[in-house]
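A structural walkthrough
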Amino acid sequence: EVHQIFNEWISQVIRVYAGQEHVELEWLVGPIPIDDSKGKEIISRFESDIQSAGAFWTDSNGREMLRRVRNHRDTWELDLVEPVSGNYYPITAKIAVEDDHSRMAVLNDRAQGGSSLVDGQLELMVHRRLLRDDAFGVGEALNETQYGEGIVARGKHWLFFGSSQKDVSPTLQAKERFFQNKVLLPSWPFVNPVDNVLTYDDYLSNFRNIYSAIAQQLPPNVNLLTLEPWKDGTVLVRFEHLFERNEDPVYAQTVRINVRSVLFALNIESIHETTLAANQWKADAKRFKFNTESSANETTPKDQVEKVSAAQDTTDFDIELQPMEIRTFIVKRR
């Protein structure tokens, strides 16, 4: 690891781990001084020689990556008065640039603003302290304090860089996906007091010490997103496909799993698919189809409703997950 000190209120530690293909940067910023009566925004910038041609990608709530183009909007002519803030986007998990040969991506541990203001560059705003209102409705300056001083912010970035080729698995994007799921959605340990248990041996003899509802390992590109008690002894289960199309020749394909085999310990009798929020049976769901420019010449009524096809209560436990798909089920136990 390398300790990097910029001044008395900005520093970071850069770490490279044996056997890992990323660089970890742990930054520490604050309290931001305002003795000069000037507000400050602190960014972390990553530079490369990637010929990105103004394009970069940002995540949408940690899932699909959206292509952004500097100083451009797809649906109208853009005239930017503020070229920096006008090119900033919310980054909740990852920002990336690439060309035909190379790719660079940065994962963050919290929601931050980010952009690529110069080809081959990425930047994320890690902290700021402002003294004037931005006239966007808040009515106060962003000047948070603690104990009479500005607050201190601490966090991590993870840097990935390498080939942008997508014909050999695992691609760099696949490695980013797996790492993202590991560090941004870690398992949560819970601790409970055992005041009524006298000894460790008593605990071992009176309580179940090992339990897993998962009897069969899931494919690496599938995540068990939800497993929680539901109504009348049922269980709410969600499976998600971690990849979007064309991210990897192997992991970005449709995957098939057997719910009963995976959750064998639940002794499943049947499964019933719902909408994503689990507030409606999927077989009863209806989606409006709206006219767009591409369908302007078609005869589709504006209020046409599309019936969503899905099985009712079923004992067919094989399900398919398309790239980026999340499917929700109510599981009935025997």
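Note that the structure is a prediction, hence the values are computed from the model and not measured.

**So, the sheet that holds strand β14 (residues 153–163)**
One open sheet holds the eight strands; their spatial order is β1-β2-β3-β14-β9-β8-β5-β6, and the pairing between them is antiparallel. Lying at the two open borders of the sheet, with one neighbouring strand each, are β1 (2–7) and β6 (65–69). Each adjacent strand pair in this sheet contributes to an overall mean axis angle of 20°, direction not counted. Along the sheet, helix α1 (residues 172–184) makes contact with β6, β8 (94–98), β9 (102–108) and β14, crossing β14 at roughly 160°.

**Describing the sheet that holds strand β18 (residues 268–274)**
A sheet is described by the order of its strands in space; here four strands give the open sequence β15-β16-β22-β18, paired in antiparallel fashion. With one partner strand each, in any of the chains shown, β15 (222–229) and β18 form the two edges of the open sheet. Averaged over all pairs of adjacent strands, the angle between their axes in this sheet comes to 25°, without regard to strand direction. Where strand β16 (residues 235–241) and strand β22 (residues 326–333) come together, six bridges link them in antiparallel fashion. Looking across to β22, one finds that F239 is bridged to R327.

**Overview of the UniProt feature "domain: Glycosyl hydrolase family 38 C-terminal" (unreviewed entry) in the protein chain**
The UniProt record marks residues 1–135 with the feature "domain: Glycosyl hydrolase family 38 C-terminal" (unreviewed entry), using the residue numbering of this structure. In residues 1–135, the share of helix is 0% and the share of strand is 49%. The end C-alpha atoms are 42 Å apart.

**Points about the pattern of salt bridges**
Counted under the stated rule, the structure contains 22 salt bridges. The closest approach of N and O atoms between K156 and E24, which form a salt bridge, is 3.8 Å. Of this pair, K156 sits in strand β14 while E24 sits in strand β3 (residues 23–29), and the two are 132 residues apart along the sequence. Across the pair E273 and K282 runs a salt bridge whose closest N-O atoms are separated by 3.5 Å. In the salt-bridge network here, residues are joined through shared partners; they are E1, R15, E24, E26, R154 and K156.

**A closer look at the domain arrangement of the protein chain**
We note that the domain assignment places domain 1 (2–184) and domain 2 (222–288 + 308–333) within the protein chain. Relative placement of domain 1 and domain 2: their C-alpha centres are 34 Å apart. Here domain 1 packs against domain 2, burying approximately 1,200 Å² in sum over the two surfaces, 51% of which is carbon and sulfur. Its salt-bridge partner being E247, residue R177 comes within 3.0 Å of it at the nearest N-O pair. In terms of residue count, the dominant contributor to the side of domain 1 that touches domain 2 is α1 (five residues). When grouped by side-chain class, the residues that make up the side of domain 1 that touches domain 2 number five nonpolar, four polar and five charged.

The rules behind each value
Residues numbered from 1 in each chain as written. Predicted model: local features only at pLDDT ≥ 70, side-chain atom pairs only at ≥ 80, totals over all residues. Heavy atoms only, no water. Pairing = 2+ DSSP bridges. Helix = DSSP H or I, 4+ residues; strand = E, 2+ residues; numbered from the N terminus. Axes fitted to C-alpha atoms, helices over the stretch in contact; angles between N-to-C directions. Contact = heavy atoms within 4.5 Å. UniProt positions renumbered as here; feature names shortened; annotations may be inferred. Salt bridge = Lys/Arg side-chain N within 4 Å of Asp/Glu carboxyl O. Domains from an automatic or database assignment. Buried area = accessible area lost by both parts, 1.4 Å probe. Nonpolar A, V, L, I, M, F, W, Y, C, P; charged D, E, K, R; others polar.

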